[in-house]
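Remarks on the overall topology
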Amino acid sequence: MSKLIFEKGVKGSNSFRLPSAGLPQPDINHTLPPIFLRHKDTDLPQLSEVEAVRHFTELSKLAYGVDNGFYPLGSCTMKYSPKINEWAARLPGLAALHPYQVPETIQGALQIYYEMQEFLAEITGMDGFTLQPAAGAHGEMVGVMIIKAYHLYQGDRERTKMMVPDSAHGTNPATANMIGFDVIEVKSNQRGLVDLDDLKSKMNKEVAGLMLTNPNTLGLFEEEIQDIAAVVHEAGGLLYYDGANLNGVIGVARPGDMGFDVIHVNLHKTFSTPHGGGGPGAGPVGVKEHLLPFLPKPLVVKEGELYNFDYDRPLSIGKARNFYGNFGVILKAYAYIKALGGEGLKDACQNAVLNANYMRHQLRDDYNIPLDRLCKHEFIINSKKQADPHGISTMDIAKRLIDYGYHPPTVYFPLIISEAMMIEPTETESKERLDDFIAAMKIIAKEAKEAPELLLDAPHNAVIRRVDEVKAARKPVVKWEAP
Amino acid sequence: MKYIPNPPWVAKDMLKTMGLNSLDDLFSDIKDDLKIKEGLTLPPAMGEMELRSCMKDLALRNISTEDYPCFLGAGAYDRYIPAAVDQLLLRSEFYTAYTPYQPEISQGILQSIFEYQTMICKLTGMDVSNASMYDGGSALAEACNLACNSGKERRKIIISDTVHPEYLEILKAYSLSGRMEVVLVPGREGAADIDAMVAEIDNQTAAAIIQQPNFFGVLENGEKLEQAVHAHKGMFIMAVEPVSLALLKSPGEWGADIAVGEGQPLGCSLSLGGPYLGFFAARRDLMRKIPGRIVGQTTDLDGKRSYVLTLQAREQHIRREKAGSNICSNEALCALAASMYLAFVGEEGLKEIALRSHQLALYAGKQVEEAGLELKYQQPYFMEFAVKVSDPAAANQKLLANGIIGGYQLEDALLLAFTEKRSRAEIDHLAAVLGGKMDE
Ligand SMILES: Cc1ncc(COP(=O)(O)O)c(C=O)c1O
């Protein structure tokens, strides 16, 4: 394993220096009262530039991204991130803008904001967008704040509950709770879709809304979405769309037309912005007309030929973060939409769905597929066929995939399928790549029967073997300390 | 452009393998009346060369801090980023990966987060740090959320209005939860009114909050507030600026329970306000309550030192509606930039950068006073101060006409920030233009 940066370096080896200020050096002990001053040194690393460069280069070699190979992490849409967008994000005219510059100095940037609000509205069938939220979960939070603000504005204080399907991503119930709602779980039926009867029986005047993902977290389209919307709306609730899976319908159908009132989309999934090892992302929120007044402030508006910020939004929920949004992410998604156009987005969706169904078809002889029918951009298998007699789990299959050079799919989500492995190939993978992965999966299925220790002890070729997670949690060591 | 590798004939083959005829067959589960009929109304697709010119044209329509010297701060600072930082961030093993769920294939990312956590602890003087939050404002809101969830009866958040006004707005939005009651205490002479804050503290108080330096650049003396809030078993939360911590007393030294802040000055480009990162650090006993990802050190089966996402029982994917926070993706790449930045400038470099900022601010304070202007507050400041002008918007226009990006507009003043990128000559120019304005 690589040495930590704190275990490297020599005092005095760092040569970072500022140019001379041409001013006398102040003595901080004289310019500020001692109560404000630090006593203990920061004790930060002291490395030469070349050694620091080597350190981070070494760390990068112990990581795996989409550019390294196939990364079928379900629910995360690990598609290729175009290089031209990285280039654009680094142009000084876009990267070196202070958020409080006066609007006349940032017209190009505001045009990106404004057009992006419009593009997303068109793509999703909504009436207006805020680009403020920093990620999907942050978008959910803004969306659920809007739902709460709307009901309160209607004078409706009874709506204290939020409905969430049992297949939902953890951020949905967690978000509802953060905004002060009690969570009611809606059951899925045999087909993996929202159980309409269960929904009906739980819907009442205390329910503020339903948070739904469509295609859902099983990769299946909620075929009765219009009926679901009707049930929620008739009882006075609002319908929230978790757009994590928009890649499964983009260009083909729009959440706005399905009856959703509030939605978020993940620019770091559907719109190709890189995932950054865990972020930054962006989670713009769109609403239908009746919710426009509640959107966070400011929005970017066009006044004649000039773009400007609109802060005059008295019913707005306010702000969910500083400034306007993750501009550096938004502009990459903007470039992606510009590159593809409407037809290109549809193409992307169709190919993502094609790739997922092709893989499902090719894997079905070797793996159990709990809901084996037409899926959208992703699908779920599990280890049922491999479990006996050697006790192979989905995690073992995932770890064995590492030996074959792949990043494993998402495992153990959604919770309603036991031993779930969620595979999302995305449209940016070729048939060649898929076939290689399928071949590896077939070999692994065979190994599970004939040489189970190859799975149980996997990975064998990684830089480390499996880690002791219990130890990490029992006796947490969460920072380096000098010996 | 298309980023789809399969040519149509291959797609046809794949369909045939499945016994399907056309791509449309893949969408038979969606009712026809839900399908887009005419196609989306978006601008026509572009090739890479057209896209390049399009983005370049948009960039050229902005005036950047590379074009003009920038005296704006107010929560985002125009700092120098060593060239190596971006070069390394462009290693696509970093930027095209996602959250390191699978430790065996993600040790590089996990170790980088572990190092980031350590550096944040060193800077803030706190015991534990998470792997990052969205930004400074949302990190503060999460800290308040934690404080209110900790003691059942405690829901009062006492905060000075000398904290960044956007942070206050964010708190207000988060308080829609009904779980926190925000008590805003007006400042005096640009500093927090500590006596008034202390007077608000009672046994329902979840936390008392100040920002250091505060929104107006003024240094706050948190000593009495820390004692008072701890005497009532509430938390002392500080929002701090990371570069200044090279010289200023750390939250740990002030006795803070939680330290949060905007991490942008540590190697993130201004980028019109994002992506940045919020840092979040706390006392050790809050470790199992803090929001977000945490990386811990452990060993693999062979006893080799390794790293893994840990204490996940706090998080949404395990706890669902009982989780303390809903955060999932954070700002990992910005956190990586922050640790790279700290590695490249090093301990001495960070001190030099902080001291230079202070030095230039002191010099500028003198220069604007000599030019006939008056500072709004007679208080100790670090690297930012407000200077009185009768018409801030007009003053900024005049600065712009003279090739200067001016300050943040307060009602009767401009808030000006000084980073190591500013020079004596630029400050002389600023003072001359502002001073001349007063003569008109
Ligand atoms: C279905 C679903 N909803 C919400 C989220 C949260 O998105 P983010 O990580 O951007 O906050 C995810 C992320 O993995 C997801 O898959």
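All values reported here derive from a predicted model rather than from experimental measurement.

**A few points about the overall build of chain A**
- Scanning chain A for helices and strands turns up 16 helices and 12 strands.
- Against the compact-globule benchmark of 23 Å for 483 residues, chain A has a radius of gyration of 25 Å, which places it among compact chains.
- Referenced to the eigenvectors of the C-alpha coordinate spread, the extents of chain A come out at roughly 75 × 60 × 45 Å.
- Looking at chain A as a whole, 68% of its 483 residues qualify as buried.
- Put simply, chain A shows about 16,000 Å² of open surface, and 48% of that area lies on carbon and sulfur atoms.
- Here chain A holds 50 positive side-chain charges and 60 negative ones, and the gap between their average locations is 5 Å.

**Here's the deal with unusual backbone geometry**
- The residue after Asp388(A), namely Pro389(A), is reached through a cis peptide bond having omega 0 degrees.
- With an omega dihedral of 0 degrees, the bond running from Gly274(B) to Pro275(B) counts as a cis peptide bond.
- Unlike most non-glycine residues, Thr77(A) shows phi in positive territory, near 45 degrees.
- Tracing the chain through its elements places Thr77(A) in the loop between α2 (49-61) and α3 (83-89).
- Using a relative accessible area of 0% as the deciding quantity, one classes Thr77(A) as buried.
- The residue Phe323(A) is not glycine, and still its phi comes out positive at about 60 degrees.
- As for its position among the elements, Phe323(A) is in the loop between β9 (306-310) and α11 (327-363).

**A few points about the domain arrangement of chain B**
Residue and element names in this part refer to chain B.
- Under the domain assignment used here, chain B contains domain 1 (83-341) and domain 2 (346-434).
- Distance from the C-alpha centre of domain 1 to the C-alpha centre of domain 2: 28 Å.
- Across the contact, 18 residues belong to domain 1 and 16 residues belong to domain 2.
- Taken together, both faces of the contact between domain 1 and domain 2 bury some 1,500 Å²; the carbon and sulfur share is 74%.

**As for the site of the ligand**
- Near the ligand you find 15 residues, and of these Ser75(A), Ala137(A), Asp242(A), His268(A) and Ser329(B) are the closest.
- Bordering the ligand are residues originating from chains A and B.
- Ser75(A) is positioned such that a nitrogen or oxygen atom in its side chain is 2.4 Å from an oxygen atom of the ligand.
- For the ligand, an oxygen atom lies 3.1 Å from a polar atom in the side chain of Lys269(A).
- In isolation the ligand has 390 Å² of accessible area, and contact with the protein removes 99% of it.
- The element contributing the most residues to the shell around the ligand is helix α6 (residues 136-153) of chain A, with 3 residues.
- Class assignment of the residues belonging to the shell around the ligand gives a composition of 5 nonpolar, 7 polar and 3 charged.

**Examining the sheet that holds strand β6 (residues 258-262) of chain B**
All names here are of chain B.
- Strand order in this open sheet of 7 strands is β1-β7-β6-β5-β4-β2-β3, and the pairing throughout is mixed. Sheet topology places β1 (128-129) and β3 (181-185) at the edges, where each strand pairs with a single neighbour.
- Strand direction decides the pairing type here: β6 and strand β7 (residues 278-282), joined by 5 bridges, are antiparallel. From the neighbouring strand, Val260 faces β7, where its bridge partner is Phe280.

**Here's the deal with the sheet that holds strand β12 (residues 420-423) of chain A**
All names here are of chain A.
- Reading across the sheet, the 3 strands line up as β10-β12-β11 and stay open at both edges, with antiparallel pairing between neighbours. Each edge of the open sheet carries a strand with a single partner, namely β10 (379-382) and β11 (410-411).
- Where β11 meets β12, 2 bridges bridge the pair, whose relative direction is antiparallel. Across the sheet, residue Val411 finds its bridge partner in β12, namely Met421.
- Strand contacts of α11: β10 and β12, with the helix running at about 20 degrees to β10, the strand carrying the most contacts.
- On the sheet, helix α13 (residues 394-403) packs against β10, β11 and β12 and is oriented at approximately 40 degrees with respect to β12.

**Observations concerning the packing of α13(A) against helix α14 (residues 431-450) of chain A**
Residue and element names in this part refer to chain A.
- Running from N to C, α13 and α14 point in directions that differ by 125 degrees, and their axes come no closer than 10 Å. As far as their axial angle goes, α14 and α13 are oblique. The two elements α13 and α14 cross, and the hand of that crossing is right-handed. Between α13 and α14, the residues in contact are Ile397, Arg400 and Leu401 and Phe437, Met441, Ile444 and Glu447, respectively.
- In terms of residue class, the contact of α13 with α14 is built from 5 nonpolar, no polar and 2 charged.

**Concerning the nonpolar core**
- Of all hydrophobic cores here, the largest spans 144 residues; its most connected members are Leu267(A), Phe271(A) and Met55(B).
- Ranked by residues supplied to this core, first place goes to α11(A) with 20 residues.
- Not counting chain neighbours up to four residues away, the residues in contact with Met55(B) comprise Ala88(A), Leu91(A), Leu94(A), Ile112(A), Leu331(A), Tyr334(A) and Ala335(A).
- By size, the runner-up hydrophobic cluster in this structure holds 94 residues, among which are Ala63(A), Leu89(B), Leu219(B) and Leu336(B).

**Observations regarding the domain arrangement of chain A**
All names here are of chain A.
- Here chain A is described as being made up of domain 1 (5-60), domain 2 (83-340) and domain 3 (342-472).
- Across the contact, 27 residues belong to domain 2 and 24 residues belong to domain 3.
- Among the residues making up the side of domain 2 that touches domain 3, the classes are represented as 12 nonpolar, 12 polar and 3 charged.

**Brief notes about the environment of Asp127(A)**
Residues and elements named next belong to chain A.
- Summarising the element assignment, Asp127 is placed in the loop between α5 (107-124) and β1 (128-130).
- Along the backbone, Asp127 and Lys269 are 142 residues apart, and their C-alpha atoms lie at a distance of 22 Å.
- Apart from the residues lying within four places of it in its own chain, the contact partners of Asp127 are Val287, Lys288, Glu289 and Leu292.
- Within polar-contact distance, the side chain of Asp127 engages the backbone nitrogen of Glu289 at 2.7 Å.

**Here we look at α6(A)**
Residues and elements named next belong to chain A.
- Compared with an ideal rise of 1.5 Å per residue, which puts 18 residues at 26 Å, α6 spans 25 Å between its outermost C-alpha atoms and is within 8% of the ideal.
- Of all the 18 residues making up α6, 16 are buried; the element is thus mostly covered by neighbouring parts of the structure.
- Positive backbone phi, at 80 degrees, marks Gly155, one or two positions downstream of α6.

**Comments concerning the interface of chain B and chain A**
- Each side of the interface is counted separately: chain B has 196 residues, and chain A has 206 residues.
- Interface area for chain B against chain A, summed over the two sides, is near 17,600 Å², with a carbon-plus-sulfur share of 63%.
- In this structure, the connection of chain B to chain A is made through 11 salt bridges.
- Residue Lys297(A) is joined to Glu169(B) by a salt bridge in which the shortest nitrogen-to-oxygen separation is 3.7 Å.
- Remark: the boundary between chain B and chain A carries 101 residue pairs in polar contact (both at pLDDT 80 or more).
- Examining the composition of the side of chain B that touches chain A, we find that 24 residues originate from one element, helix α12 (residues 332-370) of chain B, more than from any other.
- Here the residues of the side of chain B that touches chain A sort into 98 nonpolar, 54 polar and 44 charged.

**So, the packing of α6(A) against helix α7 (residues 171-178) of chain A**
All names here are of chain A.
- Two elements in contact, α6 and α7, have axes separated by 9 Å at closest approach and are oriented at 45 degrees. When the axis of α6 is compared with that of α7, the two are oblique. The way α6 lies across α7 gives a crossing that is right-handed. Between α6 and α7, the contacting residues are Ala137, Glu140, Met141 and Val144 on the first element and Thr171, Asn172, Thr175, Ala176 and Met178 on the second.
- Grouping the amino acids of the contact of α6 with α7 by side-chain chemistry returns 5 nonpolar, 3 polar and 1 charged.

**Let's talk about the side chain of Ser167(A)**
Residue and element names in this part refer to chain A.
- Tracing the backbone shows Ser167 in the loop between β2 (161-165) and α7.
- The class of Ser167 is buried, set by a relative accessible area of 6%.
- If we skip the residues at most four places from it in the chain, Ser167 touches Ser188, Thr217, Phe413, Pro414 and Ile416.

Criteria and cut-off values
- Residues numbered from 1 in each chain as written.
- Chains lettered and ligands numbered in written order.
- Predicted model: local features only at pLDDT ≥ 70, side-chain atom pairs only at ≥ 80, totals over all residues.
- Heavy atoms only, no water.
- Helix = DSSP H or I, 4+ residues; strand = E, 2+ residues; numbered from the N terminus.
- Rg over C-alpha atoms; globule rule 2.2 N^0.38 Å.
- Buried < 20%, exposed > 50% of the residue type's maximum accessible area, 1.4 Å probe, protein only.
- Areas by Shrake-Rupley, 256 points an atom, 1.4 Å probe, with all protein chains shown as cover.
- Lys, Arg positive; Asp, Glu negative; His and termini not counted.
- Charge placed at Lys NZ, Arg CZ, Asp CG, Glu CD.
- Domains from an automatic or database assignment.
- Contact = heavy atoms within 4.5 Å.
- Buried area = accessible area lost by both parts, 1.4 Å probe.
- Near = heavy atom within 4 Å.
- Polar contact = N/O pair within 3.5 Å; in protein donor to acceptor, adjacent residues only side chain to side chain.
- Nonpolar A, V, L, I, M, F, W, Y, C, P; charged D, E, K, R; others polar.
- Pairing = 2+ DSSP bridges.
- Axes fitted to C-alpha atoms, helices over the stretch in contact; angles between N-to-C directions.
- Parallel < 35°, antiparallel > 145°, perpendicular 65-115°, else oblique.
- Left-handed = near helix turned anticlockwise from the far one by under 90°.
- Core = buried A, V, L, I, M, F, W, Y, C linked by side-chain atoms within 4.5 Å.
- Expected span 1.5 Å × (residues − 1).
- Salt bridge = Lys/Arg side-chain N within 4 Å of Asp/Glu carboxyl O.

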